[in-house]
Amino acid sequence: MSGPLSLREFEALARDRLPLSAYDYFAGGADDEVTLRANESAFARLRLLPRVLRGNAAPDLRTSLLGADIAMPVVIAPTAFHRLADPEGELATARAAAEADTLMIASMASTVAVEDIAKAGGADLPLWFQLYIQSDSKVTEALVRRAEDAGCRALVVTVDSTVFGRRERDHRHGFHDLPEGLYCENMRGLAGDGGVRPIEMIRDLDWEHVQRLRSVTGLPIVLKGLMHPADAVLAAAHGVSALMVSNHGGRQLDTVVATIDAVADVVAAVDIPVLVDGGVRRGTDVVKALALGADGVAIGRPVLWGLAARGQTGVAQVLRMLRDELDRALALCGCSSVHDIPRDLLREAPC
Ligand SMILES: Cc1cc2nc3c(=O)[nH]c(=O)nc-3n(C[C@H](O)[C@H](O)[C@H](O)COP(=O)(O)O)c2cc1C
Ligand SMILES: CCCCCCC(=O)C(=O)O
């Protein structure tokens, strides 16, 4: 029997292997999951109008993001709790990212400490650290120092989570915390008693927090979870280095527009790099995002499916699958490189 042939088949394998509560935590979205579904279906609504006879033998997939040279414009989005999927957790993910020569964004809610993730990935792995700004600025600063000391090359500040989205699948399972023995390791030592401090979502998050963060670190700041072009303009004015158009994989505010429908307006509003995540499952999805002006895409759940299905090997296979699909899609579209994908390659499907 052959192995999984697509990211969707990886999800089916992961579903068979995971306890239902863990599968539903990874797979689920907020409320009625309208946005969760829309992220994927919006890609299908966009159709390709390829060019032919262009003589491009081998499309160039390499790109660079904030100074990191990577094999393809597909990076690993920050997702929490990898040890729910595999005992090696984020260590396995980092090794697979390094093997694929791409970039990993480690979640602040990782179940392995960021220093250990960095060691597992090795010095060549471009590692960024995702941050939820905390109400106590000393705690936020301690997390920033930790990320800097671990060698992280950027801070990815998540701005779509002033409160936790309501995920009904988790409520049904009573899944509200990590099982015994698993912890958010980046928060260890930050509680008053030296224990693991709980992660907060703060309702009063505003541009002053971004400004304060800008004043305490020299690392580039990337804002993740921004969808509106007017916010993109404000971000650039506040010295933000890059943006991730994201609706948190449909897990926060439900009925938000699909990210692929928001990305072009954000790209048009600013002169800084723009990444997009949400619903990327095929190489053709990557081509569509790039045609709309994105500098790259990030994938969340597919990495978790690879990890749950086959550990490090599974994540590496997921990344290779997307790379191969991207290569084939570019060749069939007549594109010579990921930097040469014209907007007129896209058409809206008729209703
Ligand atoms: C299980 C899970 C955990 C996540 N944890 C985080 C997190 O800790 N921090 C964060 O900024 N985003 C988190 N996200 C959102 C992802 O970074 C990303 O925006 C989303 O997964 C992209 O959509 P996709 O899963 O369809 O690729 C999480 C997503 C999932 C599915
Ligand atoms: C309170 C713990 C924070 C974990 C955040 C994980 C996350 O963002 C998710 O979507 O789930």
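As annotated in an unreviewed UniProt entry, the protein chain is 4-hydroxymandelate oxidase from Kibdelosporangium banguiense. Its UniProt record gives the protein chain a comment under Cofactor (unreviewed entry), which states: "FMN". Here the protein chain is described in UniProt, under the heading Sequence similarities (unreviewed entry), as follows: "Belongs to the FMN-dependent alpha-hydroxy acid dehydrogenase family."

Q: For this particular structure, what's the right way to read the layout of surface pockets?
A: Remark: the empty space left among the atoms is shown by a probe the size of a water molecule rolled over them. Approximately 1,000 Å³ is the volume attributed to the largest pocket. The set of elements that each furnish at least two residues to the lining of the largest pocket consists of α2 (20-27), α7 (168-173), β11 (296-299) and α12 (301-333). If you add up the space inside the second largest pocket, you get close to 500 Å³. In terms of lining, the second largest pocket is formed by 24 residues, of which the most central are Val-159, Asp-160, Gly-225, Leu-226 and Asp-231. Mapped onto the lining of the second largest pocket, the elements with two or more residues apiece are α8 (207-216) and β8 (221-226). At 3 residues, β8 tops the list of elements feeding residues into the lining of the second largest pocket.

Q: Mind showing me how you'd approach empty space enclosed by the protein here?
A: Taken as a whole and assessed by the stated rule, the structure comprises 2 cavities of 30 Å³ or more. Counted as a void, the largest cavity has a volume near 60 Å³. Along the walls of the largest cavity sit Tyr-132, Ile-133, Thr-158, Ser-161, Thr-162, Glu-200, Met-201, Ile-202 and Leu-205, which together make up its complete lining. Its residues assigned to classes, the lining of the largest cavity shows 5 nonpolar, 3 polar and 1 charged. In this structure, the second largest cavity occupies an estimated 30 Å³ of space.

Q: In this structure, what is going on with the nonpolar core? I would like to understand it.
A: One recurring pattern in soluble globular proteins is that nonpolar side chains are buried together. Leu-127, Phe-129, Leu-131, Leu-223 and Leu-243 are the most contacted members of the largest nonpolar core, which has 109 residues in total. Looking at this core element by element, the count peaks at 16 residues for α12. Sequence-distant contacts of Leu-127, that is, excluding residues within four places in its chain, are made with Met-104, Ala-106, Val-114, Ile-117, Ala-118, Gly-151, Cys-152, Arg-153 and Ala-154. If you look at the next biggest cluster of nonpolar residues, it comprises 15 residues, including Leu-65, Trp-128, Val-156 and Met-244.

Q: What is the right way to read the side chain of Lys-224 from this model?
A: With respect to the helices, strands and loops of the structure, Lys-224 is situated in strand β8. This buried residue, Lys-224, is left without a salt bridge; Asp-277 holds the nearest opposite charge, at 4.2 Å. Leaving out residues up to four positions away in the same chain, Lys-224 has contacts with Pro-78, Val-156, Val-157, Thr-158, Val-159, Asp-160, Met-244, Ser-246, His-248 and Asp-277.

Q: Where do I start with the site of ligand 2 in this structure?
A: Taken together, Tyr-25, Ala-80, Ala-109, Tyr-132, Arg-167, Ile-199, His-248 and Arg-251 form the complete shell of residues around ligand 2. Separating an oxygen atom of ligand 2 from a side-chain N or O atom of Tyr-25 is a distance of 2.6 Å. Burial of ligand 2 by the protein chains amounts to 83% of its free accessible area of 340 Å². Of all the cavities here, the one that holds ligand 2 is the largest pocket. Taken together, the residues of the shell around ligand 2 sort by class into 5 nonpolar, 1 polar and 2 charged.

Q: Any chance you could explain the pairing of strand β6 (residues 127-131) here in plain terms?
A: Sheet faces and side chains relate simply in a regular strand, where the side chains alternate between the two faces. Most of β6 sits inside the fold, with 5 of its 5 residues counted as buried. Burial of the side chains of β6 extends over both faces: Leu-127, Phe-129 and Leu-131 are buried on one face and Trp-128 and Gln-130 on the other. Two elements, strand β5 (residues 104-106) and β6, share 3 bridges in a ladder whose sense is parallel. Each bridged residue has a counterpart across the sheet, and for Ala-106 the counterpart in β6 is Phe-129. In this view, the connection linking β5 to its parallel neighbour β6 by way of helix α5 (residues 114-121) has right-handed handedness. Two strands pair when backbone bridges link them, and β6 and strand β7 (residues 155-158) are joined in this way by 3 bridges, in the parallel orientation. Note that in β7 the partner of Leu-131 across the bridge is Val-157. Chirality of the crossover, the property in question, places the unit of β6, helix α6 (residues 137-150) and β7 among those that are right-handed.

Q: I'm lost on the pairing of β7 in this one. Help?
A: Where burial is concerned, the two faces of β7 agree: the one with Leu-155 and Val-157 and the one with Val-156 and Thr-158 are both buried. Bridging between β7 and β8 involves 4 bridges; their strand directions are parallel. Counted as the bridge partner of Thr-158 is Lys-224 from β8.

The rules we used
- Residues numbered from 1 in each chain as written.
- Chains lettered and ligands numbered in written order.
- Predicted model: local features only at pLDDT ≥ 70, side-chain atom pairs only at ≥ 80, totals over all residues.
- Heavy atoms only, no water.
- UniProt positions renumbered as here; feature names shortened; annotations may be inferred.
- 1 Å grid on protein atoms, 1.4 Å probe; cavity = no way out; pocket = protein on both sides within 12 Å on 5 of 7 lines; lining within 4 Å.
- Points joined across faces, edges and corners; volume = space filled by probe spheres on them.
- Helix = DSSP H or I, 4+ residues; strand = E, 2+ residues; numbered from the N terminus.
- Nonpolar A, V, L, I, M, F, W, Y, C, P; charged D, E, K, R; others polar.
- Core = buried A, V, L, I, M, F, W, Y, C linked by side-chain atoms within 4.5 Å.
- Buried < 20%, exposed > 50% of the residue type's maximum accessible area, 1.4 Å probe, protein only.
- Contact = heavy atoms within 4.5 Å.
- Lys, Arg positive; Asp, Glu negative; His and termini not counted.
- Salt bridge = Lys/Arg side-chain N within 4 Å of Asp/Glu carboxyl O.
- Near = heavy atom within 4 Å.
- Polar contact = N/O pair within 3.5 Å; in protein donor to acceptor, adjacent residues only side chain to side chain.
- Areas by Shrake-Rupley, 256 points an atom, 1.4 Å probe, with all protein chains shown as cover.
- Sits in = over half its atoms within 2 Å of the grid points.
- Pairing = 2+ DSSP bridges.
- Right-handed = clockwise from strand over helix to strand, strands pointing away.

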